[in-house]
Amino acid sequence: MKSINIICSDIGTKEIHNQDAACIKRAKTSIGMITMGIVCDGVNGMEQGEVASAAIVDEFSMWFERDLPVLLEEHIVEKEERLWKEVIQAVKTSWKNKLQEVHSSIRQYGEGRKISIGSTFTGVLLFDEFCCMIMHVGDSRVYKITDSVEKITVDQTLAEREIERGSVTRQEAMTQGMQNVLLQCVGGSRNIQPDVMIDYFDSEAIYLLCTDGFWRTVKEKDLQKISIYRENGQEGLEDYVKDLIEQLKIDGEDDNITVVAITNEER
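About the cut-offs
Residues numbered from 1 in each chain as written. Predicted model: local features only at pLDDT ≥ 70, side-chain atom pairs only at ≥ 80, totals over all residues. Heavy atoms only, no water. Pairing = 2+ DSSP bridges. Helix = DSSP H or I, 4+ residues; strand = E, 2+ residues; numbered from the N terminus. Axes fitted to C-alpha atoms, helices over the stretch in contact; angles between N-to-C directions. Phe/Tyr/Trp six-rings, centres within 6.5 Å; stacked < 30°, edge-to-face > 60°. Buried < 20%, exposed > 50% of the residue type's maximum accessible area, 1.4 Å probe, protein only. Expected span 1.5 Å × (residues − 1). Contact = heavy atoms within 4.5 Å. Bend = angle between axes of the 7 residues up to and from the residue.

**Section: the sheet that holds strand 8 (residues 195-200)**
Ordered in space as 2-3-4-5-8, the 5 strands form an open sheet in which the pairing is antiparallel. Each of the sheet's edge strands pairs with one partner strand only, and the pair in question is strand 2 (20-29) and strand 8. Averaged over all pairs of adjacent strands, the angle between their axes in this sheet comes to 10 degrees, without regard to strand direction. Pairing between strand 2 and strand 3 (residues 32-41): 10 bridges, direction antiparallel. Residue pairing in the sheet places Asp-20 in a bridge with Asp-41 of strand 3.

**Section: the packing of aromatic side chains**
Summed over all chains, the structure comprises 5 aromatic pairs. Relative to Trp-95, the ring of Phe-60 has its centre 6.1 Å away and its plane inclined at 80 degrees; by these criteria the two rings are edge-to-face. With Phe-60 in helix 1 (residues 49-75) and Trp-95 in helix 2 (residues 81-113), this residue pair connects regions lying 35 residues apart in the sequence. Phe-60 sits in the buried class, given a relative accessible area of 0%. By relative accessible area, which is 0% here, Trp-95 ends up buried. Seen from their ring centres, Tyr-229 and Tyr-240 are 5.8 Å apart, and the 35 degrees between their planes marks the pair as tilted. Taken together, the residues span a long stretch of sequence, with Tyr-229 in the loop between helix 6 (220-224) and helix 7 (237-250) and Tyr-240 in helix 7 at a distance of 11 residues. Each member of the pair, Tyr-229 together with Tyr-240, is buried.

**Looking at helix 7**
An ideal rise of 1.5 Å per residue puts 20 Å on 14 residues; helix 7 measures up with 20 Å between its terminal C-alpha atoms. Listed in full, the buried residues belonging to helix 7 are Leu-237, Tyr-240, Val-241, Leu-244, Ile-245, Leu-248 and Lys-249. Next to the buried residues of helix 7 lie strand 1 (5-10), helix 5 (212-215), helix 6 and strand 10 (257-262).

**Section: the sheet that holds strand 10**
Taken in spatial order, the 5 strands make up an open sheet running 1-10-9-6-7, and their pairing is antiparallel. The outermost strands of the open sheet, each flanked by one partner alone, are strand 1 and strand 7 (149-151). Taken over all neighbouring pairs, the strand axes of this sheet differ in orientation by 20 degrees on average, direction set aside. For strand 6 (residues 141-145) and strand 9 (residues 206-210), the ladder comprises 5 bridges, and the chain directions are antiparallel. The residue bridging Lys-144 from the neighbouring strand is Tyr-207, located in strand 9.

**Thoughts on helix 1**
Between its terminal C-alpha atoms helix 1 stretches 36 Å, which fits the 39 Å expected from 27 residues at 1.5 Å a residue. Of all the bends in helix 1, the largest measures some 40 degrees and sits at Phe-64. Residues of helix 1 that are buried include every one of Gly-49, Ala-52, Ser-53, Ile-56, Val-57, Phe-60, Ser-61, Trp-63, Phe-64, Leu-68, Leu-71 and Leu-72, and no others.

**Concerning the environment of Leu-183**
Structurally, Leu-183 is set in the loop between helix 4 (170-175) and strand 8. On the basis of relative accessibility, which here comes to 41%, the residue Leu-183 falls in the partly exposed class. Sequence separation between Leu-183 and Asp-155 is 28 residues, and the spatial gap between their C-alpha atoms is 9.1 Å. Ignoring sequence-local partners within four residues, the contact set of Leu-183 consists of Gln-156, Thr-157, Leu-158, Arg-161 and Ser-189.

**With respect to unusual backbone geometry**
In this model, Gln-48 sits at a positive phi of 55 degrees, which is unusual for a non-glycine residue. Mapped onto the elements, Gln-48 comes out in the loop between strand 3 and helix 1. Owing to a relative accessible area of 30%, Gln-48 belongs among the partly exposed residues under this scheme. Notably, Lys-114 is not glycine yet its phi reads approximately 55 degrees, a positive angle. Position of Lys-114 relative to the elements: it lies in the loop between helix 2 and strand 4 (121-127). Exposure remark for Lys-114: the relative accessible area of 77% places this residue in the exposed category.

See below:
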């Protein structure tokens, strides 16, 4: 298997600014390769969404470069299951603390300027042949693409909450505009409770992170075609995603669109 690490982002057809931000970080460590992918989407209806999303990405990039090596040094002695559990718990705690710190910083920035400012956050950490950790606030998404397409995250929207409660059908939620109402976002909510998931690492999968400008319009059959690039690495995949984004714009999507695709092999 070859390494896949691509970011594709487009301002869309109606927005003045691209309020999306994304990053990929990779490091060969004492416990093997670790890959981090992040997408953030500045919230429409709030001001300076691009400031919030960029700040989150910058802080987590520094976390990966500065804090993660310290955590590994403190908790990893050798590759044993017990020690794996210790380091994963330490990383999970550190990741959540970092998001809370960034949330507080963005809120203070907004309050000081008397503006509402916020962003979604969706991050993935792939640990070499061991596990996949996902942390999520808002309605950006993570898909795991193999022979099938699996949506891993649950949108933190009014629509998903009411559908889960049985108050409305999915069609009713869509026609009533509930899918556009976020329950929480980083910086814009008083408090945040991120969803954190730890799953087995699927070496056969491409992990795809995307903002709502992508998933709202993309067809599942077009997502499924991404799997054909699994054996060949990212050769051709970036062009395919860029072409797909252009097709979404033709199909009527006018929002910012950002896609991150990652695997965890060495180059």
